[in-house]
Amino acid sequence: MSFNGLQLRFIRFLGAGKEPAEFKFEPGLNILWGSSDTGKTFLVSAIDYMLGSGTLKDIPQRVGYDHVLLGLTVASGQDYTLHRSTNGGSFRRFDGLLTETPKEKKAGKTLSAIHTTKNYSNLSHWLLQQIGLDDKDILFNGTTGETKSLGFRALAH
């Protein structure tokens, strides 16, 4: 079994009448450091949110930003941008690294935020496909031997 990585390229917050707020990642190891209360924890939780967690932390600096873009590169070298409302819900996946959300409503592919084995059009399955771990089961109960489908959230932390 091989494992392929994902490279985060940027996370960008957008809102009407607001200057975009963006953090760009460099190839290799990125270290977040700084004084207390400068956004490090929020940035990590925002990345987690864009990788499928349910809610985005509400901080005063986020007021007015209504959607988030996460740019990433998969093992094949293909670039994608994930879009999600700051209020939660499904994702839109676009080819390429986009700094704005396309205006065309049918652009991109909708991915559900909920992992299920009945519908493969969800973020979890797509991310697992990209890292080579889709269609894997994990041990759920060691006593009974019961297994469950691996979801990306099990790997997120």
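Before reading on, note that the structure itself is shown above.
Note that the structure is a prediction, hence the values are computed from the model and not measured. (Residues numbered from 1 in each chain as written. Predicted model: local features only at pLDDT ≥ 70, side-chain atom pairs only at ≥ 80, totals over all residues. Heavy atoms only, no water.)

A. The arrangement of the side chain of Arg84 in detail. Within the fold, Arg84 resides in strand E4 (residues 79-85). Put simply, Arg84 is tucked away with no salt bridge, and the nearest opposite charge, on Asp48, sits 8.7 Å away. Within the local environment of Arg84, its side chain forms a polar contact with the backbone oxygen of Ser53, the two atoms lying 2.8 Å apart. At 2.9 Å, the side chain of Arg84 and the backbone oxygen of Gly89 are in polar contact. Excluding its chain neighbours within four sequence positions, the residues that come into contact with Arg84 are Tyr49, Met50, Gly52, Ser53, Gly54, His67, Val68, Gly89, Ser90, Phe91 and Ala113. (Helix = DSSP H or I, 4+ residues; strand = E, 2+ residues; numbered from the N terminus. Buried < 20%, exposed > 50% of the residue type's maximum accessible area, 1.4 Å probe, protein only. Lys, Arg positive; Asp, Glu negative; His and termini not counted. Salt bridge = Lys/Arg side-chain N within 4 Å of Asp/Glu carboxyl O. Polar contact = N/O pair within 3.5 Å; in protein donor to acceptor, adjacent residues only side chain to side chain. Contact = heavy atoms within 4.5 Å.)

B. Quick peek at the sheet that holds strand E5 (residues 91-95). Spatially, 6 strands are ordered E2-E1-E3-E4-E5-E6 in an open sheet, and the strand pairing comes out antiparallel. Looking along the sheet, the strands with just one partner apiece sit at the ends: strand E2 (21-24) and strand E6 (109-111). For this sheet, the mean angle separating the axes of adjacent strands, direction not counted, is 20°. Relative to E2, strand E1 (residues 7-14) runs antiparallel, the two sharing 4 bridges. Across the sheet, the residue bridging to Ile11 is Phe23, located in E2. Each of E1, E2, strand E3 (67-73), E4 and E5 touches helix H1 (residues 40-50); the most contacted strand, E1, lies at about 100° to it. Contacts from helix H2 (residues 123-131) reach E3, E4, E5 and E6 within the one sheet, and its direction differs from that of E4 by about 160°. (Pairing = 2+ DSSP bridges. Axes fitted to C-alpha atoms, helices over the stretch in contact; angles between N-to-C directions.)

C. Seen up close, the packing of aromatic side chains. Enumeration over the complete set of coordinates arrives at 4 aromatic pairs. Each ring, one from Phe13 and one from Phe42, has its centre 5.6 Å from the other, and the planes form 35°; the classification is tilted. Of the two residues, Phe13 sits in strand E1 while Phe42 sits in helix H1, which places them 29 residues apart along the sequence. The class for Phe42 is buried, based on a relative accessible area of 12%. Summarising the aromatic geometry, the rings of Phe13 and Tyr65 are spaced 6.3 Å apart at their centres and angled 75° between planes, so their arrangement reads as edge-to-face. Linking Phe13 in strand E1 with Tyr65 in the loop between H1 and E3, this pair joins segments that are 52 residues apart in sequence. When sorted by exposure, Phe13 lands in the same class as Tyr65, which is buried. An aromatic cluster of at least three residues, connected via ring pairs, comprises Phe13, Phe42 and Tyr65. If you follow Arg84 out to its NZ or CZ, it ends over the ring of Tyr49, 4.2 Å from the centre. (Phe/Tyr/Trp six-rings, centres within 6.5 Å; stacked < 30°, edge-to-face > 60°. Lys NZ or Arg CZ within 6 Å of the ring centre and 35° of its normal.)

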